[in-house]
There are 2 protein chains.
Amino acid sequence: MNYRIDNLQYCKWSRKIFEINREANLDAVHVTIVYHEDYDELLIEIKKWEKLFNENSDLIFLGKNFKDIEKAQKENKTAIFFGFQNCSPIEDNIHLVEKVHNLGCRFMQLTYNNQSLLATGCYEKIDSGVTNFGKEAIREMNRVGIVVDMSHSAEKSTFDAIELSEKPIAITHANPNFWHAAKRNKSTDLLKILGESKGMLGLSLYPHHLKENSKCTLESFCEMAARTAEIMSVENIGIGSDLCLDQPDAVVDWMRNGTWSKIKNYGEGTKKKPGFPKQPGWFQDARGFKNLETGLKKVGFSANETNGILGNNWFNFYKNI
Amino acid sequence: MNYRIDNLQYCKWSRKIFEINREANLDAVHVTIVYHEDYDELLIEIKKWEKLFNENSDLIFLGKNFKDIEKAQKENKTAIFFGFQNCSPIEDNIHLVEKVHNLGCRFMQLTYNNQSLLATGCYEKIDSGVTNFGKEAIREMNRVGIVVDMSHSAEKSTFDAIELSEKPIAITHANPNFWHAAKRNKSTDLLKILGESKGMLGLSLYPHHLKENSKCTLESFCEMAARTAEIMSVENIGIGSDLCLDQPDAVVDWMRNGTWSKIKNYGEGTKKKPGFPKQPGWFQDARGFKNLETGLKKVGFSANETNGILGNNWFNFYKNI
């Protein structure tokens, strides 16, 4: 059985997008439901999702574990797995880890770009690694079954998380920095250790993580995937597209600035180009998985390996959460 | 005019304690009103204080600036200045800095013992200094008039705060570590730079910060003060007793553990001695200021210098907030 999984999307959700994901045969999508929201604000977001599930029950349902991916495939639906891009919903309270798991959370980043109470983000100058509270939180996430996601974290913090976590961690959406030296992309040393620990890398299709941004070619992307598979086992590579379809630019402003700054930060953008970047033509939305399939095979991946990258590897990872 | 100021108390407040502070002639006390509380929880604590002010209006009132210290002396009352020992009331929101100032906050620690969103606490292994949000927060605290308090912070973070803050910072309650090498006490290098920047050190009477703990002698304490005045100008030394009168041990447990840990942390205590330590006989409560006066003069401080340490230095610092 082959699965198609996009392990990171953050779209302005609508029936249209769920239909596109079905057209792309996605059996599962890990969706970001919050960035900097606290616990009470998380509850509001979850209510919105309850409405989406009710109104689109022919297309989507809340996924809780790998069996829901099997179920989704059988029923021609997409299982939606909840994740957070910052740890703000657990506030400073270890007991909220279990509560957010009960609400459906299956992935949580220890940091967004800045320092959090748990670890250091990739936009800070100095990385002190996983904090005292971070150690407690990782232990608790391991216990209840929330994946430690270090996509936006700084390097030492990520090494620490790999070492501290009893279960493999994930970098759900980032690319190797040998290909494109963005702050958010990851070093070869880190990817090696990630792979050895059975952690997953979800390759990102977000233009700021791509060589030549929106002009990145399918060939270049797939060659990067091939080189990444020389660093870490191909079985630890998947897709985390970071698709932000239909989001207004106010949303990327919120992602970058939350409420922490009076001065506007442009993150991966610039003052001249503050908004969401344009997707490359070959990956306008999840239907681009078809292009990825062609491209990955073209650079030498076997059918088996290609199916692994496009979903089976994430499926196996979910099995072990 | 001489003032008596204790620039840190965290007692289980009651009329009895306000009376003791009056008996000690304290014109002002900086009181800790929250540790790990968030903004909403802060509002609850402020309501409790409103009740205390109403019920004890013959003894205390809310202080907002140095003129309230003058007023307190004239009216034989004690001006109460609010402070936070952690930055949790501003959550992740820069706009809350002005709001907490409007509520009366005049001192805020950037960290308690652990990493915060602003800086690193003295109980973390690695100190990454003031964070991105921390830089914004310091700028905003300077603007609205909240003193940056680094009593519980790690060293690099404190150096950073001194450098970043346009106004002098304070270490409201700690001692030099040349005298007693506790994690909470401060290095000679740091005290030098603090003094040069016109920042204040409030000497602590909390037994865990004292040489030989509860058995510390008045002589030893005052000799330490004399040696500290060789490191930093005597004008930058005051008292921040850290008195926790009548607090049940559950409170020290909250201070140390907040809600971040499932494993009990004993902080400066131990498993065998988890509770509040006993005050030394010569400083059972603020009436010990009288003993300090005698002791400080005995080690060679002039009357002027002694009055400075016991309150005038803090008064001058408040003048410049």
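Whatever comes next refers back to the structure up there.
Small disclaimer: the values here were computed from a predicted structure and weren't measured.

Student: Would you mind going over the environment of D27 of chain B with me for this structure?
Tutor: Residues and elements named next belong to chain B. Note on placement: D27 falls in the loop between α1 (15-23) and β2 (28-34). Residue D27 is classed as buried on the basis of its 28 C-beta neighbours within 10 Å. Expressed as a C-alpha distance, the spacing of D27 and I239, which sit 212 residues apart in the sequence, is 13 Å. When neighbours within four sequence positions are excluded, D27 is seen to be in contact with Y3, R4, I5, I69, A72, Q73, T78, A79 and G311.

Student: I tried to follow the interface of chain A and chain B on my own but got confused; where do I start?
Tutor: One frequent convention defines the size of an interface as the accessible area lost when the parts assemble. Each side of the interface is counted separately: chain A has 26 residues, and chain B has 26 residues. Looking at which element gives the most residues to the side of chain A that touches chain B, the answer is helix α5 (residues 132-144) of chain A, with four residues. Among the residues making up the side of chain A that touches chain B, the classes are represented as six nonpolar, 14 polar and six charged.

Student: It is not clear to me how α1 of chain B should be interpreted in this structure. Could you clarify?
Tutor: Each turn of an α-helix holds 3.6 residues, which means side chains three or four residues apart point in the same direction. All names here are of chain B. Listed as buried for α1 are I17, F18 and N21. Axial view of α1: buried residues confined to an arc of 100°, hence all on one face. Considering only its buried residues, α1 is in contact with β2, β3 (60-62) and β4 (78-84). Backbone geometry just after α1 places N25 at a positive phi near 65°.

Student: Sorry if this is basic, but what is going on with the packing of helix α8 (residues 218-231) of chain A against helix α10 (residues 289-298) of chain A here?
Tutor: Helix packing for two helices is described by the angle between their axes and how far apart those axes are. All names here are of chain A. Where α8 contacts α10, the two axes come as close as 9 Å, and the packing angle between them is 60°. By the angle between their axes, α8 is oblique relative to α10. Between α8 and α10 the crossing geometry is right-handed. Contacts between α8 and α10 involve L218, E219, F221, C222 and A225 from the first element and N291, G295, L296 and K298 from the second. Grouping the amino acids of the contact of α8 with α10 by side-chain chemistry returns five nonpolar, two polar and two charged.

Student: I tried to follow the relation of the copies chain A and chain B on my own but got confused; where do I start?
Tutor: Both copies of the chain are placed relative to one another by a rotation about an axis and a shift along it. With an RMSD of 0.0 Å, the fit of chain A onto chain B corresponds to turning through 180° and sliding 0.0 Å along the axis. Such a turn and shift between the copies fits a two-fold axis. Closest approach to the rotation axis among the C-alpha atoms of chain A is made by S128 of chain A, whose C-alpha sits 2.6 Å away. Looking at chain A, 100% of its interface residues are interface residues in chain B too, so the copies touch through the same face.

What counts and what doesn't
- Numbering of residues starts from 1 in each chain and follows the order in which that chain's sequence is written.
- Here chains are named by letter from A upward and ligands by number from 1 upward, in the order in which they appear as written.
- Confidence filtering applies because this is a predicted model: local features only for residues at pLDDT of at least 70, side-chain atom pairs given and counted only at 80 or more, and all residues used for totals across whole chains, interfaces and linings.
- Secondary structure is summarised from DSSP: a helix means a run of H or I of at least four residues, a strand means a run of E of at least two, and numbering begins at the N terminus for each.
- Here the C-beta atoms are placed from the backbone, and a residue counts as buried if at least 20 other C-beta atoms lie within 10 Å of its own, exposed if 12 or fewer do, and partly exposed otherwise.
- Any residue pair is listed as a contact if its two C-beta atoms, each placed from the backbone, are within 7 Å.
- Polar here means any residue other than Ala, Val, Leu, Ile, Met, Phe, Trp, Tyr, Cys and Pro, which are nonpolar, and Asp, Glu, Lys and Arg, which are charged; Gly is therefore polar.
- It is the directions from the helix axis to the C-beta atoms that the arc portrays.
- In this analysis, axes come from line fits to C-alpha atoms, helices being fitted only over the stretch in contact, and the angle between any two N-to-C directions falls in the range 0 to 180 degrees.
- To sort the angles, those under 35 degrees are grouped as roughly parallel, those over 145 as roughly antiparallel, those from 65 to 115 as roughly perpendicular, and the leftovers as oblique.
- Crossing chirality is assigned from the near helix's rotation relative to the far helix, an anticlockwise turn below a right angle marking it left-handed and a clockwise turn marking it right-handed.
- The superposition of copies rests on a least-squares fit of C-alpha positions from residues with pLDDT of 70 or more in both.

Shape is all these values report; function is a separate question.
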